[in-house]
Amino acid sequence: MSNIVDPLVGQIAARVRTERERRRWTLAQLADASGVSQAMISRIERGESSPTAVVLGKLSAAFQLSVASLLALAEGTQQDTEATAGVRRRADAAEWRDPDTGYRRRQIAGPEFPAEIAEIHLPAGARVPYPAAAFAFIRQIVWVLDGRLTFHDGDTVHQLDAGDTIELGEPAPRVFVNATDAECRYAVILTRGTQP
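1. Examining the packing of helix H2 (residues 27-34) against helix H3 (residues 38-45)
Remark: H2 packs on H3, axes separated minimally by 9 Å, with the N-to-C direction vectors making an angle of 115°. If you check the angle between H2 and H3, you find them roughly perpendicular. Taken as a pair, H2 and H3 cross one another with a handedness that is right-handed. Between H2 and H3, the contacting residues are Leu-27, Ala-28, Leu-30, Ala-31 and Ser-34 on the first element and Gln-38, Ile-41, Ser-42 and Glu-45 on the second. When grouped by side-chain class, the residues that make up the contact of H2 with H3 number 5 nonpolar, 3 polar and 1 charged.

Encoded structure:
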């Protein structure tokens, strides 16, 4: 694992524990709300396991946060007010990597920007499903920058090429698939809607 990813494992661990404790949930309650086993949540909270994109999706849905929000909070950017405006260098951006698929994600916008923007690199052959609850209370656009993305929006499947966008409607189970032999790069832009 690279030195860019290692610090995020500990930060994600702390953020998951903080979010659970803030709600006064036990491990069992978070497991029930998310569908992630108590044992896995415990390993994540102790920094012994890096969660996959699927697990992050389930945990963020249980917390009624977007994956982008959970990662931004984990990176500590919510308290980093000095970096909210101006230039943000690529070399300074933390990048999270899914240990299962190799999916890579980095936050583009700072915490004070009114939209969350993330850049995702989806490796060839990767498939990342998210539950409908991960899309509650947000408006989201997916913009394919390079490659081809097969996007499952509930029961509907869309083939998206470079330059294509899709604006997501009501929450539904969604799957991001790269069925090609080349990496797909896309941006996710989201805003929060009515709070729970």
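Having seen it, we continue.
2. Structural notes on the pattern of salt bridges
Applying the stated criterion across every chain yields a total of 14 salt bridges. Note that Arg-174 is salt-bridged to Asp-153, the shortest N-O span being 2.6 Å. Taken as a pair, Arg-174 in strand E9 (residues 174-177) and Asp-153 in strand E6 (residues 148-153) lie far apart in primary sequence, 21 residues in all. Through salt bridges with shared partners, one network takes in Arg-15, Glu-19, Arg-22 and Arg-23.

3. Some details on the sheet that holds E6
Across a sheet, strands are paired by hydrogen bonds formed along the backbone, either parallel or antiparallel in direction. What the 4 strands build is an open sheet, ordered E4-E9-E6-E7; its pairing is antiparallel. Unpaired on one side and paired on the other, strand E4 (127-130) and strand E7 (156-161) mark the two borders of the sheet. Averaged over all adjacent pairs, the angle separating strand axes in this sheet is 15°, with direction ignored. In terms of strand pairing, E6 meets E7 through 6 bridges, oriented antiparallel. The partner of Asp-153 across the bridge, within E7, is Thr-156.

Definitions and cut-offs
Residues numbered from 1 in each chain as written. Predicted model: local features only at pLDDT ≥ 70, side-chain atom pairs only at ≥ 80, totals over all residues. Heavy atoms only, no water. Axes fitted to C-alpha atoms, helices over the stretch in contact; angles between N-to-C directions. Helix = DSSP H or I, 4+ residues; strand = E, 2+ residues; numbered from the N terminus. Parallel < 35°, antiparallel > 145°, perpendicular 65-115°, else oblique. Left-handed = near helix turned anticlockwise from the far one by under 90°. Contact = heavy atoms within 4.5 Å. Nonpolar A, V, L, I, M, F, W, Y, C, P; charged D, E, K, R; others polar. Salt bridge = Lys/Arg side-chain N within 4 Å of Asp/Glu carboxyl O. Pairing = 2+ DSSP bridges.

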